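The residues making up each chain are set out below.
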Amino acid sequence: MNPTTLVAMLMAALMSVLAACGTVPDRKPLPDPQEQMAEIPGVPNARFWGDATPDFLLERLANSTVEEIRARQTGIVGVPHYYLAISGGGPDGAFGAGLLNGWTETGTRPQFTMVTGISTGALIAPFAFLGSEYDQTLKDMYTLYTTDDLVTQRAWTEIITGDAAASTEKLREIIYGYMTPQLMNELADAFKQGRRLFVSTTNLDAKRPVIWNITAIAASDRPDKRDLISDVLLASASVPGAFPPVLFEVEFEGQRYDELHVDGGAVSQVFVYPTTIDWPALMEILDVQGRPEVYVIRNSPLDARWSTVNPDIFSIVGASVSSLIRTQGIGDLDRIYLTSLRDGNDFYLAYVPDDFDVEPQEAFDLEYMRALYDIGYEMALDGYPWARKPVGFDVVDIDLEEDLKHEE
């Protein structure tokens, strides 16, 4: 997330505090905090809380035989597993797009069993999941569109009485255009094989992460599933304050309510699966061959970037939030790495090189994004040096890896 976006977020937040009234539509939220997930009409088990083991998974494991579970997911039984997690990062998603496309050119990019995405990573995820035939789409997404193509800056009067600094109607139209009927069918076919595409948003009322099963939605009979998936992807990329939240109609105990969702990055920057899941037991049931491989693409550098901060409120808050996002992302990497060690998965990390020094001149700067795309592409083409652990574990005297191996 770049400074321009951060400033927009702050300005919108401050203006909303000053507003005497708003133009946000009337809502019908759930009446009380609910541990049980409200359902999306027409799509059972379309989503689950990102910080808890899905109830339906526990029930399925408890009430099904191994043979029944394998029969429902034939495409991922008795084969190696490859997982890809794509982080947020706004325009820095160009790095991930370039990396994936360069990886294709090497002939070593696997078919992913599971792909997860947050924010800009959510926009990349469907095309990374479906494979190299969508490489040109990935390139177009990050090398053709400017800020004006994606969002519309709102007038101050709209910001004061509204829900965000900019409108994302243009971005929503672009997303919908890419979610073609053919893509829907391919996602549905992948679901039937047992492969999964997950995208995370943040439920503002619950203040919790929600993980959406995009493949399940695509395989459902819901007539407007293309719209629903487009809205989920938009919500995952809707930076609070800068972009409007997305309203979803839900059902709970036979009654209709609504939920407001924003950028999944409000909770975490990247995820693979909830840490509460007994992954080794699930892998044994599926007879997975070898150690599952977890690939994480972080669409930002790891090192903090030095920049002089002016002593004004926007610069101070912008720098502080930028620091918070960076350290949150590093914490997410540490968690995924330690979970991988615990569960017997191999860990691979890619990130924007710390010496990349092109500075964007606007929120979505074509010159900046094209340069990032080229860096990712060339690094992959040359054989990307995937890090086998997050930075920091190299300098800490820790025996956890060996201890966890002995416990297996």
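As a reminder, the structure under discussion sits directly above these lines.
Residues numbered from 1 in each chain as written. Predicted model: local features only at pLDDT ≥ 70, side-chain atom pairs only at ≥ 80, totals over all residues. Heavy atoms only, no water.

Engineer: Which residues make up the overall build of the protein, and what are the values?
Structural biologist: Counting its secondary structure elements, the protein contains 16 helices and eleven strands. Residue pairs at least 24 apart in sequence account for 78% of intrachain contacts in the protein once pairs closer than 6 positions are excluded. In the form shown here, the protein has an accessible surface area of approximately 18,900 Å², with 53% of it arising from carbon and sulfur atoms. (Helix = DSSP H or I, 4+ residues; strand = E, 2+ residues; numbered from the N terminus. Contact = heavy atoms within 4.5 Å. Areas by Shrake-Rupley, 256 points an atom, 1.4 Å probe, with all protein chains shown as cover.)

Engineer: Quick rundown of the pattern of salt bridges? Include the residues and the values.
Structural biologist: Inspection of every chain in the model, using the stated rule, returns 14 salt bridges. For D51, the salt bridge identified is with R208, shortest N-O distance 2.6 Å. Here D51, found in the loop between β1 (47-49) and α2 (55-63), pairs with R208, found in strand β7 (residues 208-213); they are 157 residues apart in sequence, far enough to count as distant. Judged by relative accessible area, which is 14%, R208 ranks as buried. Ionic pairing is found between R172 and D227, a salt bridge with its closest N-O pair at 3.2 Å. Taken together, the residues R172 in helix α9 (residues 169-178) and D227 in helix α12 (residues 225-236) connect sequence positions 55 residues apart. One continuous salt-bridge network, built from bridges that share partners, spans R27, D205 and D258. (Salt bridge = Lys/Arg side-chain N within 4 Å of Asp/Glu carboxyl O. Buried < 20%, exposed > 50% of the residue type's maximum accessible area, 1.4 Å probe, protein only.)

Engineer: Would you mind going over the nonpolar core in detail, with residue names and values included?
Structural biologist: Side chains of a nonpolar character, in soluble globular proteins, are inclined to be buried together. Residues L84, M179, L187, W212 and W386 are the most contacted members of the largest nonpolar core, which totals 79 residues. It is helix α5 (residues 120-130) that provides the largest number of residues to this core, a total of eight residues. Apart from residues lying up to four places away in sequence, M179 is in contact with P126, F127, M184, R226, I229, S230 and L233. (Core = buried A, V, L, I, M, F, W, Y, C linked by side-chain atoms within 4.5 Å.)

Engineer: Explain the packing of aromatic side chains residue by residue, including any values.
Structural biologist: Across all of its chains, the model carries 16 aromatic pairs by this definition. Ring centres 5.8 Å apart and planes at 65° place the aromatic pair F356 and Y368 in the edge-to-face group. Here F356 is found in the loop between β11 (346-351) and α15 (366-381), whereas its partner Y368 is found in helix α15, with twelve residues between them in sequence. With a relative accessible area of 8%, F356 lands in the buried category. (Phe/Tyr/Trp six-rings, centres within 6.5 Å; stacked < 30°, edge-to-face > 60°.)

Engineer: Give a description of unusual backbone geometry that names residues and reports values.
Structural biologist: With a phi angle near 55°, K207 is a residue other than glycine that sits in the positive phi range. By the secondary structure assignment, K207 is in the loop between β6 (196-203) and β7. Residue K207 is classed as exposed on the basis of its relative accessible area of 66%. Phi at E253 takes a positive value of approximately 50°, unusual for a residue other than glycine. You can call E253 exposed: its relative accessible area is 69%.

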